[in-house]
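Each chain is listed here by its residues.
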Amino acid sequence: MVTRVGGLASGMDIDSIVEKLMSAEKAPLNKLQQNKTVYEWTRDAYRNINTKLKTFDTYLFDNFALSSNFVKKAPTITGTHSDKLTITPASNASGTLNIQGVKQLATAATTGAVSVSQTTHRNAIGTDKLLDIGFTAQTINFKVDDVDKSIIIDANTTVDSFITDLKSNGLDASSYNSSTGQFAIGAKTAKVKVSDEASAEYLRGLGFSANYNADALKVGENLAKKSTTFAELGITLPSSFDYEIDGVSKSIDLSTLNETSTIDNLLTEINKTGTDISASFDEKTGKFSFVGKDRKVLQVSDASSSLLSQLGVFQTVSGQSVAFNEVPDETPSTPTGSTILKHIGMLNDGKFKLNTIQADGKMKETIIEFKATDSIDTLIKKINSSSAGVTALFSNGQMSISANSTGMNKDGATSEIQLLTTFNKTVDGVTTTETDSSGLALFNKLGFSVPASSTETTFNLATTRGTNAEYMVNGLEMSNQSNSFNISGYSIKLNGTFNHNGTSYDTSVPGVTVTSTNDIDGMMEKIKEFVKTYNGLITDLNDSLKEPKYRDYKPLTQEQKEEMSEDEIKLWEEKAKSGMLRNDSILRDGMSDLRLNFSSSVGTLNDKTIDALAEIGITTSKSYNDGGTLVIDETKLRAALEKDSEQVAKLFTQTGSKDATETDPATGLTKKVDSRGLVQRLRDTIDSFELNIEKKAGRTTMTDHQYSIGKRMLDIDERIERLQDRLVSIEERYWRQFTAMEEAINKANSQSSLFTQGY
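1. Some points on the nonpolar core
Logical step 1: Grouped together as the largest cluster of nonpolar side chains are 50 residues, with contacts concentrated most on Phe56, Phe530, Ile616, Phe652 and Leu682.
Logical step 2: Tallying contributions element by element places helix H11 (residues 520-546) first for this core, with 11 residues.
Logical step 3: Counting residues in hydrophobic clusters, the runner-up holds 33 residues, among them Val116, Leu354, Phe370 and Met399.

2. Some details on empty space enclosed by the protein
Logical step 1: Inspection of every chain in the model, using the stated rule, returns one cavity of 30 Å³ or more.
Logical step 2: Taken as a whole, the largest cavity holds about 50 Å³ of empty space.
Logical step 3: Lining of the largest cavity is provided by Asn597, Phe598, Ser600, Val602, Asp611, Ala612, Leu613, Leu651, Leu678 and Arg681.
Logical step 4: Tallied by class, residues from the lining of the largest cavity come to six nonpolar, two polar and two charged.

3. Digging into the packing of aromatic side chains
Two aromatic rings are characterised by how far apart their centres lie and by the angle between their planes.
Logical step 1: Taken as a whole and assessed by the stated rule, the structure comprises 24 aromatic pairs.
Logical step 2: Ring geometry for Phe288 against Phe290: centres 5.9 Å apart, planes inclined by 20 degrees, an arrangement best described as stacked. The exposure classification of Phe288 matches that of Phe290, with both residues buried.
Logical step 3: Clustering of aromatic rings is evident, with ring pairs tying together Phe56, Tyr59, Phe64, Phe70, Phe530, Tyr534, Phe598 and Phe652.
Logical step 4: Above the ring of Phe423, the side-chain terminus of Lys351 is found at 4.4 Å from the ring centroid.
Logical step 5: Geometry around Phe423 places Lys353 over its ring, the cationic atom sitting 5.2 Å from the centre.

4. Focus on the sheet that holds strand E2 (residues 85-89)
Logical step 1: Taking strand neighbours across the sheet as the criterion, the three strands line up as E2-E33-E32 in an open arrangement whose pairing is antiparallel. Both edges of this open sheet fall to E2 and strand E32 (484-487), since each of them pairs with a single strand only. Here the average twist between neighbouring strands, direction ignored, is 20 degrees.

5. A closer look at helix H10 (residues 438-445)
Logical step 1: Along H10, the residues that are buried comprise Ser438, Gly439, Leu440, Leu442 and Phe443.
Logical step 2: Close packing links the buried residues of H10 with strand E22 (350-357), strand E23 (363-370), helix H9 (376-385), strand E25 (398-406), strand E26 (417-420) and strand E29 (458-460).
Logical step 3: With its phi angle positive at about 105 degrees, Gly447 sits one or two positions after the end of H10.

6. Describing the layout of surface pockets
The probe, sized like a water molecule, is rolled over the atoms to show the empty space still left.
Logical step 1: Approximately 330 Å³ is the volume attributed to the largest pocket.
Logical step 2: Around the largest pocket, the lining is made up of 16 residues, and of these Val194, Ser195, Ser309, Val313 and Phe314 lie nearest the centre.
Logical step 3: Considering each element in turn, the lining of the largest pocket owes the most residues, five residues, to helix H8 (residues 302-310).
Logical step 4: Residue classes in the lining of the largest pocket are distributed as five nonpolar, six polar and five charged.

7. Some remarks on the sheet that holds strand E15 (residues 240-245)
Backbone hydrogen bonds hold the strands of a sheet together, and the pairing may be parallel or antiparallel.
Logical step 1: A sheet is described by the order of its strands in space; here three strands give the open sequence E16-E15-E19, paired in antiparallel fashion. Every other strand in the sheet has two partners, leaving strand E16 (248-253) and strand E19 (298-300) as the edge strands with one partner each. This sheet shows a mean twist of 30 degrees between the axes of neighbouring strands, independent of strand direction.
Logical step 2: By the bridge criterion, three bridges tie E15 to E19 in an arrangement that is antiparallel. Following the sheet pairing, Glu244 is matched in E19 by Gln299.

Calculation rules
Residues numbered from 1 in each chain as written. Predicted model: local features only at pLDDT ≥ 70, side-chain atom pairs only at ≥ 80, totals over all residues. Heavy atoms only, no water. Core = buried A, V, L, I, M, F, W, Y, C linked by side-chain atoms within 4.5 Å. Buried < 20%, exposed > 50% of the residue type's maximum accessible area, 1.4 Å probe, protein only. Helix = DSSP H or I, 4+ residues; strand = E, 2+ residues; numbered from the N terminus. 1 Å grid on protein atoms, 1.4 Å probe; cavity = no way out; pocket = protein on both sides within 12 Å on 5 of 7 lines; lining within 4 Å. Points joined across faces, edges and corners; volume = space filled by probe spheres on them. Nonpolar A, V, L, I, M, F, W, Y, C, P; charged D, E, K, R; others polar. Phe/Tyr/Trp six-rings, centres within 6.5 Å; stacked < 30°, edge-to-face > 60°. Lys NZ or Arg CZ within 6 Å of the ring centre and 35° of its normal. Pairing = 2+ DSSP bridges. Axes fitted to C-alpha atoms, helices over the stretch in contact; angles between N-to-C directions. Contact = heavy atoms within 4.5 Å.

What follows is the structure, given as structure tokens:
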């Protein structure tokens, strides 16, 4: 780093002088940066052309690549019963159809409406006695802020009196939710401990969380450390630590520990041999923690509880109880969507399997699991969101299930909605079949005509089986699984029955006749739209080729931009960006290739009088300034469409080969022809056009190494980097020179002052 000395001695503005010198030195750098900007603008202009080409290519594919997108049919439908049918001809529709009658429509299998069982159970309410809903007589002992408290549950204790007792004994956050049937026990601010293991076990049995928490363990005024000995704590260790984990008794040998052992020694022994529990000690808080691994329930024996008590560890209670909602309902009521399955008598979880018809006419088995705590609405949602292919409904205490697909299943089964009770079970690679009747019990409670249990494994739920549509077309009796089908390119939907007396078709009554012709007006509009879209592309390309170039407008440097307003910068750059692709060879060649596609005929077509665009009235503009846009002779185009609209369509949509062959009927000689329709030719040309642009300007997913402009920009970046390093050296050289000058002047001034003082 050069030491910079300003013009204190010389009185010169060295900073300004160096800045001006460096401005001249930066001229080559500015030139390189401007060149890079021009390359970036050129790249973006090319990519903008490619975007327009891709848009036109997509338009061709969506509207012409498939004959069905181009050729539209206009149907003629006659008959007094035409309102019983909806008929739409596709592009390949042909011939005349006479739908002489419809015997029956396709219908879906359905269970019909069944009445769900009345409620048999309910949630406990405030006046219910605890002993009647699952509690047993017990005294629960707590410590609330270290004050002993007891809650007595006896034969007279009700839900309301239990909550009142809890609150009056300091457990003021306790409550009962009658909508869920759950109790909550806790205190808002007080510290609650369970005084004994019997009380903790009782609360666990009711579903509460009875955990082990800790107070800080201290030695004098200081928090204990892992290195603290039990002699310092005044604790005598028992010979073992006894506990139960998920009801299984365990014991950890502590006989190797004594009064000189530390807290860390105890943790090591417990964690080494207690594979189901984990013990830890936090030196920052001085607190122990004992928990069952994998959320297993830990219960410590009375003897071990004494040790935990000395370590500051105690039991506390929190959370909610199990739901007490199995109280017999003395006054059954009609269930609603929010009624849970328990309340209609389904006290256990389970699963069922539905076997239902699918759209392909085959049967499919789907397993659905349910919980006793699911509401009826939840069950309905599970059925409908499964892949069973049915729709279940529930309203006003009634339920129904209908197949989503109409018709009869292909194997001829008598029902299309079946309840199955067999399930495959695989253990150690061996698959066996097991029977689970929980689904049978559920559907019995839901009101369906099935037993609550049975040794049978298949039960029919549908009271009305699905039927196929039956109809007569051109004298042939037909059937179909669905009411919608296709015949000879006609899409037909049956809306009602007609001309059938229940025994036979009445062919003396006219049916519904449909014929179709090509929609000439629609095809005219499609071709006119094509010409308009193509001309728009050609106009855009021509504008790019002819756009004026303002050579006096170079890309602005950063210094120049700082001296201009935003509007001035915008106007300047509009001029500077103009003409990036003026007279560009890639664009010229690409446009020439596009025009060539219209000049030759399409090979292998039958009618040689309609095998080129000029023959149907589409030609290239004779004006040079139009740049090759198309013009239409609408009279000639309509005449060609009326003569043979199918061949006009092939002129556009035929797929073929550039090197196809055909035999000249006049000479019998085989010659090479281009059998590609106009759309395929244009799309092939666009692919080549886009590829040439990508080689020059790349695409957004490419790196700069993969296209020619990018390589040039990388080269400029390297030159810019070298020049910037050189400019740093030049600036340092200027400063060294001016600093040396300043030091020399300063030295001369000092010597002059000495001479002056000598006289």
